[in-house]
Structures are given as C-alpha cells and as structure tokens.
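Structural overview for review
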Amino acid sequence: DTAVSQTPKYLVTQMGNDKSIKCEQNLGHDTMYWYKQDSKKFLKIMFSYNNKELIINETVPNRFSPKSPDKAHLNLHINSLELGDSAVYFCASSQDAGDYEQYFGPGTRLTVT
Amino acid sequence: AQSVTQLGSHVSVSEGALVLLRCNYSSSVPPYLFWYVQYPNQGLQLLLKYTTGATLVKGINGFEAEFKKSETSFHLTKPSAHMSDAAEYFCAVSDRGGNTGKLIFGQGTTLQVKP
C-alpha cells in the first residue's frame, strides 16, 4: 500500500534512447511533482500538475515531457537521452497546489551510458 | 526570489550528542519552512514544518526546529543523536507567491553519527 510509487527503480540506457518513468499515488492528492536530484544530491523541481493541469514548468530541456492521464498518475518521458540526464528522479504529491507538504516516491535512478 | 542555504554539507556527531543542522533562508514573503530527511536509497520524508503560529516546531524522531525571523534561520536540532539518524537532511522554503506548491531546497547536509 505504498503511497507514492515509481517504476522502474533503476534505469540504465544508452545515449539517444527514449525512456519513460511512471509515477502513481494512492493518497487522493490533487497535485503531483517531478524532481531531479543530481550527483551532488541537489534537488530541483522540474514539473508540477494540479488535477491534470500543468502548473509548474521549470527551465528544463524540451526533451523532457510530463504527462498526467489522471490526477493519480504523472509520467515523465525523456527523448534523446544525454549523459547529463543521469540522476535520480523523484515523484511527489501533495493534497493540493497550496499545500507545501509533499510526499515523495522512492526515486528512479537513471544512468545514461 | 526564495532561497535556502544550509551551512555545512557534512556534519559528524557522536551517538548521544546534540545534533544541530543549520539552515538560513531568503524570502520576500512570510515563508513556510520545511525539513526533510532522506535515508540511503530512499525518497524524502517530511520531518517537520513551520507555517504560522508557534515558532518552535516539533517533528518526528525527536527533531525540532525554531523559526527565527530576525535571523532568517530555521535550524534543526535533536538533543541526542542515534545511529539511525545518519542520513541526508534538506531544508526547504516555499515559493508562496505562485501558490503552486513549489519548494526550493537547500544543498543538503549529510549527518554522520559515530558510535
């Protein structure tokens, strides 16, 4: 009964490939987020959706595209992967966009070779 | 714009000693402040938060933090460290202006607890 789950946990792929990471939350929250944690453990928000509507779209390459089929799911698709995309990607959710208390998934470690 | 600075990327204490992790923030509006903990190979977990009201906030696992507006600080403390406290700790401030739930995180502090 994991609150925020992500698949896969590990992803190893080659440069130029396209990959997706999936996230699901069973908390009934309206808002979901994608964060990137780099090798120095710096954590930065990438995107946020509130009830399937994009509300945060930080300065990330347009190779990254989030998709929210419903408010319980937020997927991240990455095209033409580059070495610099190697990182841990975290999904999170909160009750709504005005609630800053966020619940994080276990992370997806992406390694691009 | 909001920002967070965590002083000390690595803190080492002995088991049973006081834990003090420092966080200073910058915010153009009254901030909401948070401490999150990340255990190895896991996601972040909320330790405690300050929104309004009492400036001394108690969280899980015996941690507490005090909001000091005059010092723009939100330092995290625990009277007695346990081995299980070894983890990465992140201070965060809310970007309340946009009401989007956006959090700005500090660089993180690695807490090492020695036996």
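Right, let's walk through the structure included here.

The next subject is the nonpolar core. Residues and elements named next belong to chain B. In this structure, Trp-35, Leu-48, Leu-76 and Tyr-89 are the most contacted members of the largest nonpolar core, which totals 28 residues. Where this core is concerned, the elements lending two or more residues are strand E2 (10-14), strand E3 (19-26), strand E4 (33-38), strand E5 (44-50), strand E7 (64-68), strand E8 (73-78), strand E9 (87-94) and strand E11 (109-114). The contact partners of Tyr-89, leaving out residues within four places of it in the chain, are Gln-6, Leu-21, Trp-35, Tyr-36, Val-37, Leu-47, Phe-63, Leu-76, Gly-108, Thr-109 and Leu-111.

Attention now goes to the interface of chain A and chain B. In this complex, chain A contributes 23 residues to the contact, which on the side of chain B involves 23 residues. Overall, the association of chain A and chain B removes approximately 1800 Å² of surface from exposure, summing both partners, and the carbon and sulfur fraction of that is 55%. One salt bridge in this structure joins Glu-58 of chain A and Lys-102 of chain B, with 3.0 Å as the shortest N-O distance. For the pair chain A and chain B, the number of links is 4 residue pairs in polar contact (both at pLDDT 80 or more). Grouping the constituent residues of the side of chain A that touches chain B by class yields 12 nonpolar, 5 polar and 6 charged.

Structurally, Asp-38 of chain A is set in the loop between strand E4 (31-37) and strand E5 (43-50). Taking relative accessible area as the criterion, Asp-38 of chain A reaches 32% and is therefore assigned partly exposed.

Residues and elements named next belong to chain B. Here we have 5 strands laid out as an open sheet, ordered E1-E3-E8-E7-E6, and antiparallel in their pairing. Each having just a single partner strand, strand E1 (3-7) and strand E6 (56-58) make up the two edges of the open sheet. Averaged over all neighbouring strand pairs, the angle between strand axes comes to 20 degrees, with direction disregarded. Two strands pair when backbone bridges link them, and E3 and E8 are joined in this way by 4 bridges, in the antiparallel orientation. Paired with Val-19 across the bridge in E8 is Lys-78.

Residues Thr-7 of chain A and Pro-8 of chain A are joined by a peptide bond in cis, for which omega reads -5 degrees. Tracing the sequence through the fold places Pro-8 of chain A in the loop between strand E1 (4-7) and strand E2 (10-13). At Ser-80 of chain A, a residue that is not glycine, the phi angle is positive and equals roughly 45 degrees. Residue placement: Ser-80 of chain A occurs in the loop between strand E8 (73-78) and strand E9 (87-94). The exposure class of Ser-80 of chain A is partly exposed, given its relative accessible area of 38%. In this structure, Asn-41 of chain B takes a positive phi of about 60 degrees despite not being glycine. Locating Asn-41 of chain B in the fold gives a position in the loop between E4 and E5.

Moving on: the pairing of E1 of chain B. All names here are of chain B. The alternating pattern of E1 places Val-4 and Gln-6 on a buried face and Ser-3, Thr-5 and Leu-7 on a face that is not buried. Where E1 meets E3, 5 bridges bridge the pair, whose relative direction is antiparallel. Note on E3: the bridge partner recorded for Leu-7 is Arg-22.

Attention now goes to the layout of surface pockets. What the largest pocket holds in volume is close to 380 Å³. Lining the largest pocket we find 24 residues, and of these Gln-37, Val-88 and Arg-109 of chain A together with Gln-38 and Asn-41 of chain B sit closest to its centre. Tallying contributions element by element places strand E11 (residues 108-112) of chain A first for the lining of the largest pocket, with 4 residues. Tallied by class, the residues present in the lining of the largest pocket amount to 9 nonpolar, 10 polar and 5 charged. When residues of the lining of the second largest pocket are traced back to their parent elements, those giving at least two are strand E10 (103-104) of chain A together with E5 of chain B. Sorting elements by how many residues they give to the lining of the second largest pocket places E5 of chain B first, with 3 residues. Classifying every residue of the lining of the second largest pocket gives 5 nonpolar, 5 polar and 1 charged.

Turning our eyes to something else, we now look at the pattern of salt bridges. Counting across every chain of the model gives 9 salt bridges over all chains. The closest approach of N and O atoms between Lys-71 of chain A and Asp-30 of chain A, which form a salt bridge, is 2.7 Å. Of this pair, Lys-71 of chain A sits in the loop between strand E7 (64-70) and E8 while Asp-30 of chain A sits in the loop between strand E3 (19-25) and E4, placing them 41 residues apart in sequence. Here Lys-41 of chain A makes a salt bridge to Glu-88 of chain B, at a shortest N to O gap of 3.6 Å. Remark: Glu-88 of chain B occurs in strand E9 and Lys-41 of chain A occurs in the loop between E4 and E5; the pair is interchain, linking two chains. Looking at Glu-88 of chain B, the relative accessible area reads 5%, which means it is buried. A cluster of three or more residues bridged by salt bridges with shared partners is formed by Lys-44 and Glu-58 of chain A together with Lys-102 of chain B.

About the thresholds
Each residue is numbered by its place in its chain's sequence as written, counting from 1. Chain letters and ligand numbers both follow the written order, the letters beginning at A and the numbers at 1. Thresholds applied to this predicted model are a pLDDT of at least 70 for local features of residues and 80 or more for the giving and counting of side-chain atom pairs; totals over whole chains, interfaces and linings are not thresholded and use all residues. In computing side-chain properties, one takes all heavy atoms of the structure into account and sets aside hydrogens as well as water. Here, nonpolar core means buried Ala, Val, Leu, Ile, Met, Phe, Trp, Tyr and Cys residues that are tied together by side-chain atoms lying within 4.5 Å of each other. Relative accessibility decides the category of a residue: with a 1.4 Å probe and only protein chains considered, values under 20% of the type maximum give buried, values over 50% give exposed, and everything between is partly exposed. Helix and strand assignments follow DSSP, with helices taken as H or I runs no shorter than four residues and strands as E runs no shorter than two, numbered in order from the N terminus. Residues count as neighbours in contact if any of their non-hydrogen atoms are within 4.5 Å of one another. By convention, the term buried area covers the 1.4 Å-probe accessible surface removed from two parts as they join, with the contributions of both added. Should a side-chain nitrogen of Lys or Arg be within 4 Å of a carboxyl oxygen of Asp or Glu, the pair is scored as a salt bridge. Two N or O atoms form a polar contact when they lie within 3.5 Å of each other; inside protein one atom must be a possible hydrogen donor and the other a possible acceptor, and for residues adjacent in sequence the pair counts only when both atoms belong to side chains. Under the convention adopted here, Pro, Cys and the residues Ala, Val, Leu, Ile, Met, Phe, Trp and Tyr are nonpolar, Asp, Glu, Lys and Arg are charged, and Gly plus all remaining residues are polar. Here, a strand pair is defined by DSSP locating no fewer than two bridges between the strands. Lines fitted to C-alpha atoms define the axes here, with helix axes fitted over just the stretch in contact, and angles between the N-to-C directions of these axes take values from 0 to 180 degrees. Cavities and pockets are defined on a 1 Å grid built over the protein atoms alone: a cavity is a set of grid points where a 1.4 Å probe fits but cannot escape, while a pocket is an open set with protein on both sides within 12 Å along at least five of seven lines, and lining residues are those with an atom within 4 Å of any such point. Grid points are joined across faces, edges and corners, and a volume is the space filled by probe spheres set on the points.

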